[in-house]
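Now for the letters of each chain:
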Amino acid sequence: MFANKSGRVMLGSCRRKAISVCSVVQSLVGNNLFSWNVGCKQRTLWLQMNVAERTQQRAVHRKLSTRAVHQTTVDPDELKRFRLLASKWWDENGEFKALHAMNDLRVPFIRDNLLNMHKAQHPGKPLAGLRVLDVGCGGGLLTEPLGRLGASVLGIDPVEENIGTAQLHSSCDPHLGGRVSYRACTLEELSADVAGGETDRGDTMFDAVVASEVVEHLADLETFAFCCSRILKPGGSLFITTINKTNLSYALAIVAAEQLLRIVPKGTHDWEKFISPVELERLLESNCFSVQSVQGMMYNPASGAWSWTNSTAINYALHAVKLAEDPQTDKADNSAASQS
Amino acid sequence: MLNLTRASIARNGFGRCLMAEKRSSAVKSVSRGLACADHSDGSGSNEVYDVIISGGGMVGTAMACSLGMHPKLSEKKILLLEAGNKKVMDKVPDSYSTRVSSISPGSATLLTGIGAWEHITKWRCKPYKKMQVWDACSDALITFDKDNLEEVMAYIVENDVVVAALTKQLDSLSDHVQVKYRSKVVKYIWPAAHQAVRSVPWVQVVLASGETLQTKLLIGADGPNSMVRRQLGIPTVKWNYDQSAVVAVLRLSEPTENNVAWQRFLPTGPIAMLPLSDTESSLVWSTSHHLAEELMALDDECFVDAINSAFWSNVNQSELVETAGTLFRSALATFMPSAGSPRQLPPSVAAIGPKSRVMFPLGMGHASEYIRHRVALVGDAAHRVHPLAGQGANLGFGDVACLTQLLGQAAFNGKDLGAMQHLLEYESERQRHNLPMMAAIDLMKRLYSTNTAPVVLLRTFGLQATNMLPTLKEQIMAFASK
């Protein structure tokens, strides 16, 4: 069953070389508009690996992930390795500036939609008691704010360096330590563990899954949607932020960023992988989700700030809810259907 | 000089956007010089506070209360550090204390929200409804009052009462706001700009007792000679006014419905009488160092005479100015028949409260930056003004209200409290409000420091014209009561 899914995965090892080229170019290029897309690519290419390599890697990942879960202090030798990356991820004015700025939109989006469904005990910890999964967490830019709001967050990312960076950054803050944890693995592996009922790591289903700036880099969205459905509790929320597949997004994200201004190397983004909200909605609904809301986002490079907008032509955020199996909660489905 | 202030501040603000790297490297060099602590050092405890407020005066304690009472900050760990002792007040002492502040309605709203205002009103506070400000060199005057003395303009409250009320409110928040009294800070260790590997990312506060505390956000509320501001190396525009203020508690000759604040601009400096009760008022006399020392040396009777003559005598007026003043007034009356209120004289003083004469130097100061990474300045640490407008405490309370609201919102968005984004917003909002106020106060001080005829004529005309424009007066009152 697992081999079947792996069989659907595309691309070979040429992509890995592309990753290293990207990171070199990224370090050479200064502040730029779409470099955060490059960063996203760097962190979430889990479906674009060679099948043979993946089976090999999985064993390594397993070992690393076991170590990652129990690690509370960082090995001093590894600290040196993480130094360069740490400054990149967590430098609010650096290459990931736009991603830091996006927190102003995505954290309230996630928080408010979750609050609509689960009333908060007290406003100091609005997400207390909720388990959240951050897919493709990178350096933990979104994981930490969600942890600060009281949720128990698990951040996963296939790139071990990113998990190391994230753990290093969150280890300094004792308030986050208990609530935020990281694991270097893929979504498939995690969903297999959860469904397989491996309780030694304490995996249970999640109240919410967040996949921010991930979906536009995946080759196989069907698998992604299926895995999300498996690991979410009935009635759980799925939050996605991604880029639309329109002429405008081609003009800005591909032509302007890659070809005209050459701030991003050619081939970093594949316009074919962008997905429109309608298609994403169709895909999710065929996997037992009901889409609650879709909202457009816009980045202003001059001010470095994101804002909500009526048009979903470029970036958008989507909130979907996993349908419950039993008929008692069909009431929620009907109201959701009338909303979407 | 004022232009210099604004330009330098604007430049700094703009420069920050462009030169974030440069400044952070400066911070780095400072922190390097102060020897960044090792990560493994641990400094004794792994406890990291969310906010540490350094300085437990009126503004610092108000900040602690305000943060403690904010619902979105209810899970944050807050600590207030005060070098002095705890100010407890079971009941109000019979005699008035010398240092008083004018609390505007905006500040009263903040204190009500914190829950301290009810303690203050229960103990002692004096609302006043009218303010008369007039010149010694001419008979120009301006009166401020709201709607025929129905609404209160501001309140005169003793500083001790404010601090004690805030302390009492803090006691009720002891579950997540801690206070350490008699704790003197020796040194601050600033975090490196980016997460350098072998350094602590938090601000470290080293106390005289040897304890080191860590915090995600340090709020400096430690007064005009702020150690936080000095150790950060924030450039501060400041000058001494070559003036000292003499403050005392006055006993009036006869009881009166004492609800007017009086201020007269003498060439040597303004003298103000602020109501405390029907029989007592507070004196704030700003004058040159030399004269202030003389006043302190006078015996009680002579001192009382000096006060009365300062308010009543017309020795500084020349004929030219008198004639010109009358002409202006009649000219204005033809345009605006609804002239301002007639001049009143303040109540005469009979005696001084025992041992209540105190003197302190005056100055102006403005920090060009209110914030740094993980640090914010509030109150006199950020801005220091002349007492002639009674705005010093109110500017500080305004800082408290603004910063609390922004920190609450940042916490609700899951942000790190020491992050620059909301701190920059605090700085811009408060500088936008504080700078015009400080410029106006400084301008007033300089305008009234001389008795050369042209300046006197100018300000006479200006004052009389303003007095006859009710909309302008309302604008001024609204701005001052925020």
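Quick caveat: nothing in here was measured; it's all calculated off a predicted structure.

What follows is about the overall build of chain A. Along the backbone of chain A there are 14 helices and 8 strands. Across the 340 residues of chain A, 54% fall into the buried class. Here the contacts in chain A between residues at least 6 apart in sequence split such that 74% fall between residues at least 24 apart. Summing over all exposed atoms, chain A offers an accessible surface of approximately 14300 Å²; the carbon and sulfur share of this is 54%.

All names here are of chain B. Per-chain confidence: chain B averages 84 in pLDDT, with 87% of residues scoring 70 or above. Contacts from residues 1-10, a stretch scored under 50 in pLDDT, to residues over four places away or in other chains number 13 contacts. Within the model, pLDDT remains below 50 along residues 17-44, and this stretch shows 36 contacts once partners closer than five positions in the same chain are excluded. The complex prediction reports pTM at 0.80, with the ipTM value standing at 0.79.

Residues and elements named next belong to chain A. Strands sit in the order β3-β2-β1-β4-β5-β8-β6-β7 across an open sheet of 8 strands; the sheet is mixed. Taken across any chain shown, the strands that pair with only one partner, and hence form the sheet edges, are β3 (180-183) and β7 (305-309). The sheet shows a mean angle of 20° between the axes of neighbouring strands, taken without regard to direction. Docked against the sheet, helix α8 (residues 160-171) engages β2 (152-156) and β3, running at close to 160° with respect to β3. Set on the sheet, helix α11 (residues 221-231) makes contact with β1 (131-135), β4 (206-212), β5 (232-243), β6 (289-300) and β8 (315-322); between it and β5 the angle comes to about 145°.

A word on the environment of Met89 of chain B. All names here are of chain B. Mapping Met89 onto the fold places it in the loop between β2 (78-81) and β3 (100-103). When its relative accessible area of 15% is taken as the criterion, Met89 is described as buried. Considered as a pair, Met89 and Ala164 are 75 residues apart in the sequence and their alpha carbons are 5.9 Å apart. In contact with Met89, other than residues within four places in its own chain, are Trp123, Asp160, Val161 and Ala164.

Now for the pairing of β8 of chain A. Side-chain direction in a regular strand flips from residue to residue, so the side chains alternate between the two faces of the sheet. Residues and elements named next belong to chain A. Most of β8 sits out of view: 8 of its 8 residues are buried. Burial of the side chains of β8 extends over both faces: Asn315, Ala317, His319 and Val321 are buried on one face and Tyr316, Leu318, Ala320 and Lys322 on the other. One ladder, built from 7 bridges, connects β5 with β8; its direction is antiparallel. From the neighbouring strand, Ile240 faces β8, where its bridge partner is Leu318. Relative to β8, β6 runs antiparallel, the two being bridged by 8 bridges. Residue Gln295 lies in a different strand from β8, and its bridge partner there is Ala317.

Moving on: the packing of aromatic side chains. Geometry of an aromatic ring pair is reported as the spacing of the ring centres plus the angle between the planes. Tallying each qualifying case throughout the model produces 10 aromatic pairs over all chains. Relative to Trp308 of chain A, the ring of Phe109 of chain A lies with its centre 5.5 Å away and its plane at 50°, an arrangement referred to as tilted. Highlighted residues: Phe109 of chain A in helix α6 (residues 97-117) and Trp308 of chain A in strand β7, separated in sequence by 199 residues. Through a chain of ring-to-ring contacts, three or more aromatic side chains come together here, namely Phe109, Phe239 and Trp308 of chain A. Note that Lys245 of chain A overlies the ring of Trp271 of chain A, its terminal NZ or CZ placed 5.3 Å from the centroid. One residue, Lys72 of chain B, lies across the ring of Phe412 of chain B, its end atom 4.4 Å from the ring centre.

Once that is clear, we can look at the interface of chain B and chain A. Chain B puts 25 residues into the contact, and the matching count from chain A is 25 residues. When chain B packs against chain A, close to 2200 Å² is buried across both sides, 55% of that on carbon and sulfur atoms. Across the pair Asp173 of chain A and Lys216 of chain B runs a salt bridge whose closest N-O atoms are separated by 2.9 Å. The interface formed by chain B and chain A contains 10 residue pairs in polar contact (both at pLDDT 80 or more). At the level of elements, α2 (20-33), β1 (48-54) and α11 (392-412) of chain B are the ones that each hand at least two residues to the side of chain B that touches chain A. Taken together, the residues that form the side of chain B that touches chain A break down as 9 nonpolar, 8 polar and 8 charged.

Conventions and cut-offs
Residues numbered from 1 in each chain as written. Chains lettered and ligands numbered in written order. Predicted model: local features only at pLDDT ≥ 70, side-chain atom pairs only at ≥ 80, totals over all residues. Heavy atoms only, no water. Helix = DSSP H or I, 4+ residues; strand = E, 2+ residues; numbered from the N terminus. Buried < 20%, exposed > 50% of the residue type's maximum accessible area, 1.4 Å probe, protein only. Contact = heavy atoms within 4.5 Å. Areas by Shrake-Rupley, 256 points an atom, 1.4 Å probe, with all protein chains shown as cover. pLDDT = per-residue confidence, 0-100. Pairing = 2+ DSSP bridges. Axes fitted to C-alpha atoms, helices over the stretch in contact; angles between N-to-C directions. Phe/Tyr/Trp six-rings, centres within 6.5 Å; stacked < 30°, edge-to-face > 60°. Lys NZ or Arg CZ within 6 Å of the ring centre and 35° of its normal. Buried area = accessible area lost by both parts, 1.4 Å probe. Salt bridge = Lys/Arg side-chain N within 4 Å of Asp/Glu carboxyl O. Polar contact = N/O pair within 3.5 Å; in protein donor to acceptor, adjacent residues only side chain to side chain. Nonpolar A, V, L, I, M, F, W, Y, C, P; charged D, E, K, R; others polar.

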